[in-house]
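One letter stands for each residue in the lines below.
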Amino acid sequence: MFGQGDFGRRFDWGPGGAAAIAPGTAFVAVVDVLSFTTALTVAVEHGTAVLPYRWRDDSAAAAAARHRAELAVGRSAAGPGEISLSPATIVAAASRRRIERLVLPSPNGSTISAGLAAAGVTVVGVCLCNAAAAARWVREQAAGRPVAVVAAGERWPDGSLRPAVEDLWGAGAFLHFLTEPPTGGSAGERSTGLSPEARAAVAAYRAIAGDLPGAVLGVQPGAVLGVQPGAVLGVQPGAVPGVQPGAVPDVLPGVLPGAVPGDPAGVLAETASRRELIAGGYRSDVEVAAAAGASDVVPVLRDGWFREARS
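The structure presented is a predicted model; accordingly, all values stated were derived computationally and were not measured.

Parameters and conventions
Residues numbered from 1 in each chain as written. Predicted model: local features only at pLDDT ≥ 70, side-chain atom pairs only at ≥ 80, totals over all residues. Heavy atoms only, no water. Helix = DSSP H or I, 4+ residues; strand = E, 2+ residues; numbered from the N terminus. Buried < 20%, exposed > 50% of the residue type's maximum accessible area, 1.4 Å probe, protein only. Polar contact = N/O pair within 3.5 Å; in protein donor to acceptor, adjacent residues only side chain to side chain. Pairing = 2+ DSSP bridges. Core = buried A, V, L, I, M, F, W, Y, C linked by side-chain atoms within 4.5 Å. Contact = heavy atoms within 4.5 Å. Disulfide = S-S within 2.5 Å.

Novice: What is the right way to read the environment of Glu100 from this model?
Specialist: Relative to the assigned elements, Glu100 resides in the loop between α4 (87-94) and β5 (101-106). Glu100 sits 56 residues away from Val44 along the chain, and the two C-alpha atoms are 9.6 Å apart.

Listed below in structure tokens is the structure:
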């Protein structure tokens, strides 16, 4: 009833929505902008394989040891040189050492990804930074087969799902680029196969696209920022100017001021999730997450690990 099975492009929220719309799809895109899929994209861009892990599972440390991987800790628990869900910590750590494997727990995107993988679904990690690149890759690989998109959302104190608008925008961005017509195609072709839920996500993204740093409908990754794809997220190891090894920069290099005066995060700066992160001292996480179109990396979950997509 709730699976949107009559449509080739589906959208829903959280673990329950994922379970409902995933059956019969070629790919499921998981969107957790602040911050699992943004951190995931940063890590994969640095050549790191990422194991999504269920949140606060005591076995995470054992899994990291078994795979000879580093374990991401909670944001507030991260010390100098340690990695957390904060994308800035990944950039800082990668500037001083190679990170081959990373176990990355999170309560939302990681947990959903792990659950889908256990059910045999091919998962793609999507954020605002890589939505266009991920959509192009999925469109080619899916070859007309159904694709689902899951917005992870956040959690209220009682554990229930709190829909997060930044995940709605990220999902809408992916669906927008996924349903773009070929060159010369009609605008009507864009909506072919979209469920009503997916249409709503696309409409939400288009309503704010011009207010995201780098987010203009139809642009190539990096075109608005004026840099090559990956130049914001893809800082080469050791190439974070002015940042001491292990330090977390307040503002990452290459992130340009956005559409909201004085705040590089653009419209993302106005969200509840952003206010929560800023209060915790994680401003740079929001700025990285808002850099729409800045990355051409497509993390795909196969054999338990997210790695760069293969054609």
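Novice: It is not clear to me how the side chain of Thr41 should be interpreted in this structure. Could you clarify?
Specialist: With respect to the helices and strands, the residue Thr41 is situated in helix α2 (residues 36-45). Among the residues examined, Thr41 registers a relative accessible area of 0% and is labelled buried. There is a polar contact of 2.8 Å between the side chain of Thr41 and the backbone oxygen of Thr37.

Novice: Help me understand unusual backbone geometry, please; the structure alone is not making it clear to me.
Specialist: Working note: non-glycine residues mostly have negative phi, and peptide bonds are mostly trans. Geometrically, the link from Leu34 to Ser35 is a cis peptide bond, its omega value of 15 degrees lying close to zero. For Ser35, the location among the structural elements is in the loop between β2 (27-31) and α2. Of note in the backbone geometry, Ala143 takes a positive phi value of approximately 50 degrees without being a glycine. Tracing the chain through its elements places Ala143 in the loop between α6 (131-142) and β7 (147-151). Judged by relative accessible area, which is 62%, Ala143 ranks as exposed.

Novice: Any chance you could explain the pairing of β7 here in plain terms?
Specialist: Side-chain direction in a regular strand flips from residue to residue, so the side chains alternate between the two faces of the sheet. Judged by how many residues are buried, β7 sits mostly within the fold: five of five residues are covered. Residues Val147, Val149 and Ala151 of β7 are buried on one face, and the alternating residues Ala148 and Val150, pointing to the opposite face, are buried as well. Note: strand β1 (residues 9-13) against β7, five bridges, orientation parallel. When the bridges of β7 are listed, Arg10 appears paired with Ala148.

Novice: Which parts of the structure should I look at to understand the nonpolar core?
Specialist: Nonpolar side chains in soluble globular proteins tend to end up buried together. Residues Phe11, Val124, Val138, Phe174 and Leu175 are the most contacted members of the largest nonpolar core, which totals 49 residues. Where this core is concerned, the elements lending two or more residues are β1, β2, β6 (123-126), α6, β7, α7 (165-178), α8 (196-208) and α10 (283-289). If we skip the residues at most four places from it in the chain, Val138 touches Phe27, Val124, Val147, Phe174 and Leu178. Formed by 33 residues, the second largest nonpolar core is a distinct cluster that contains Ala22, Leu104, Val297 and Leu301.

Novice: Is there a simple way to explain the state of the cysteines in this structure?
Specialist: Such a bond, covalent and formed between the sulfur atoms of two cysteines, is termed a disulfide. Throughout the structure, instances matching the rule amount to zero disulfides. Of all cysteine sulfurs, the one in Cys129 lies closest to Cys127, which takes part in no disulfide; the gap is 4.2 Å. Judged by its relative accessible area of 1%, Cys129 is buried.

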